[in-house]
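# Observations on the model geometry
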Amino acid sequence: MKILKRCTNALAVFIMSNIYVLLRITDMVIPRLWVTIFSSVYLLIMILPLLGLNNIQSNKIRRCQAGCELLFAFLISTAGSIVLLFLIIFDVVDAHLDSVWNWVLYVLLAVVFEAICFWNGIVRVYISSTQIGIKWRVIGALCGMIPIANLIVLGKILCLATAENKFENDKLILNNQRCMEGLCATKYPILFVHGVFFRDFKYLNYWGRIPEELEKNGARIFYGNHQSAASVADCGKELATRIMQICQETGCEKVNIIAHSKGGLDSRYAISMLGMDKYVASLTTVNTPHRGCAFADYLLSVIPLGVQKGIERTYNSTLKKLGDYNPDFMAAVRDLTYQACMERNALIPDTKGVPVISIGSYLKKGSDGRFPLNMTNGFVKWFDGENDGLVGSESFKWGEEYIYLQPPKDRGISHGDMIDLNRENIKGFDVREFYVQLVNGLKKKML
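Throughout what follows, the structure given in this document is the object of discussion. Being a predicted model, the structure only gives us computed values, none of them experimental.

### Some details on the nonpolar core
Core analysis: the biggest nonpolar cluster contains 30 residues, and Phe192, Leu214, Ile258, Ile359, Met418, Phe429 and Tyr435 have the highest contact counts within it. For this core, the secondary structure elements donating two or more residues are strand S1 (190-193), helix H8 (210-216), strand S4 (280-286), strand S5 (356-361) and helix H16 (431-444). One finds Ile19, Leu23, Met46 and Val125 within the second-largest nonpolar core, a separate group that totals 27 residues.

What follows is the structure, encoded as structure tokens:
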């Protein structure tokens, strides 16, 4: 059925693009009725192309899929038009093009109607698709006028967009089917704790599409709202205040913490050193450097102190304008070193009875990650071995349960992938569903 619909779309575009020569081939002189019929069908296809994806769940997916179908029609129709052109040129088909003006009119109409189909489709895809990203949008624009290359890029864009449409539509269908199950309706709410150099912004979620997916399945979500960069002790104090605030506002006795990167160290400090063990039902650390980063030690040893001070002043000044009341760039960096983590672990070796789940992942090759993790992976590997672009694998494990995610096929899972930083659908690893099942596990433990 999908192939039939696409062929119908393509046939309508092909006929209209070549209507002048097709009418001459069939010796039909100004058949106004047929021209009206073909024009109407073409116009209808341009507005409402037949879709190859059924049971579409959102207008965004419908719009993107419509764009994809128009681009498929453009490719098929263009291929057919080229074949027809060669048949006419080599006198296999007699189109009675006995003057230059007939040729000009034929080519002009073909180009115009094919172009309408192409631009109609590409604009819909560009404004609707997330997965083609900035990179392929730019490449598409740069290669648009380069023969062959533009078709290859268009094929890549089509593959990304159609895969996205099916994946996102299937997720919506799945969530609609299980919405009453409350898979993520845990006894205690979820507190998301961000890592270093980021903040919890209202319109730019550090955790990407993950919180929305959890909420669709019944979760109650809160955020740490602590500073982007400060020492573990200072961030721990902020989190302790935030935990008490959530408990007072909601009436809940405890929270389940899910913390990424340095946020895991901050959370451990709040639990073990600031008495928050009574108010935390569980702690899940995601790609947290529990044993530090030897790469951080190296950077501090080779970067001149003056340069460090300059970076610190610039960062602290900028982040104060963005909401941090007392940012401390260098304190945050120093607390991530191997030495600092070893000393801190000796003081807070456990979490006072709070169950801990630790999660880690790694990049199989640097090119799998997005910038800048694709650049740092090799350097970190020199110091810390197998890593996620920032943190060595040996540093992730803490607590009673450890989950180490293996890269799907040749694709790795980076430090940023674990929080859906790039909103990328990774083949073989659905980060949103991973968190749904993770939180569902907390629910099953009555947490």
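### Here we look at the packing of helix H4 (residues 59-89) against helix H5 (residues 100-128)
Two elements in contact, H4 and H5, have axes separated by 7 Å at closest approach and are oriented at 160°. Between H4 and H5, the interaxial angle falls into the category roughly antiparallel. As H4 runs across H5, the sense of the crossing is left-handed. Its residues placed into classes, the contact of H4 with H5 shows 18 nonpolar, 7 polar and 4 charged.

### What to know about the pairing of S4
Two faces belong to every sheet, and in a regular strand the side chains alternate between them. The element S4 is largely enclosed, with a buried count of 7 among its 7 residues. Where strand S3 (residues 255-260) lies against S4, 6 bridges are found, and the strand directions are parallel. Across the sheet, Ile257 pairs through a bridge with Leu283, a residue of S4. Chirality of the crossover, the property in question, places the unit of S3, helix H10 (residues 262-273) and S4 among those that are right-handed.

### Focus on the packing of aromatic side chains
One pass over the structure, following the stated rule, counts 17 aromatic pairs. Ring centres of Phe192 and Tyr223 lie 6.3 Å apart, and the angle between their planes is 25°; on these two criteria the pair is classed as stacked. Here Tyr223 lies in strand S2 (residues 221-223) and Phe192 lies in strand S1, a separation of 31 residues in the sequence. Ring geometry for Tyr402 against Tyr404: centres 6.0 Å apart, planes inclined by 20°, an arrangement best described as stacked. The exposure class of Tyr402 is partly exposed, given its relative accessible area of 28%. Judged by relative accessible area, which is 23%, Tyr404 ranks as partly exposed. Through pairs of rings, three or more aromatic residues link up here, namely Phe192, Phe198, Tyr206, Trp207, Tyr223, Phe429, Phe434 and Tyr435.

### Let's talk about unusual backbone geometry
With phi around 60°, Asp91 is a residue other than glycine that occupies positive phi space. Following the sequence through the fold, Asp91 ends up in the loop between H4 and H5. Judged by its relative accessible area of 66%, Asp91 is exposed.

### So, the environment of Val13
Residue placement: Val13 occurs in helix H1 (residues 2-17). In this structure Val13 comes out as buried when scored by relative accessible area, which is 0%.

### Thoughts on the sheet that holds strand S6 (residues 401-405)
Here 6 strands make up an open sheet; going across it, the order is S2-S1-S3-S4-S5-S6 and the pairing parallel. In this open sheet, the two strands that pair with only one neighbour each are S2 and S6. Neighbouring strand axes in the sheet, compared pairwise and without regard to direction, differ in orientation by 20° on average. Here S1 pairs with S2 via 3 bridges, running parallel. Residue pairing across strands places Phe192 opposite Tyr223, the latter belonging to S2.

### Comments concerning the side chain of His260
Looking at the secondary structure, you find His260 in strand S3. The class of His260 is buried, set by a relative accessible area of 1%.

### Some points on the pairing of S5
Counting buried residues in S5 gives 6 out of 6 residues, a clear majority hidden from the surface. Neither face of S5 is left uncovered, since the one carrying Val356, Ser358 and Gly360 and the one carrying Ile357, Ile359 and Ser361 both have all their residues buried. In terms of strand pairing, S4 meets S5 through 4 bridges, oriented parallel. Across the sheet, Thr285 pairs through a bridge with Ser358, a residue of S5. The pairing of S5 with S6 spans 5 bridges and is classified as parallel. Opposite Gly360, over in S6, you have Tyr404 as the bridge partner.

Criteria and cut-off values
- Residues numbered from 1 in each chain as written.
- Predicted model: local features only at pLDDT ≥ 70, side-chain atom pairs only at ≥ 80, totals over all residues.
- Heavy atoms only, no water.
- Core = buried A, V, L, I, M, F, W, Y, C linked by side-chain atoms within 4.5 Å.
- Buried < 20%, exposed > 50% of the residue type's maximum accessible area, 1.4 Å probe, protein only.
- Helix = DSSP H or I, 4+ residues; strand = E, 2+ residues; numbered from the N terminus.
- Axes fitted to C-alpha atoms, helices over the stretch in contact; angles between N-to-C directions.
- Parallel < 35°, antiparallel > 145°, perpendicular 65-115°, else oblique.
- Left-handed = near helix turned anticlockwise from the far one by under 90°.
- Nonpolar A, V, L, I, M, F, W, Y, C, P; charged D, E, K, R; others polar.
- Pairing = 2+ DSSP bridges.
- Right-handed = clockwise from strand over helix to strand, strands pointing away.
- Phe/Tyr/Trp six-rings, centres within 6.5 Å; stacked < 30°, edge-to-face > 60°.

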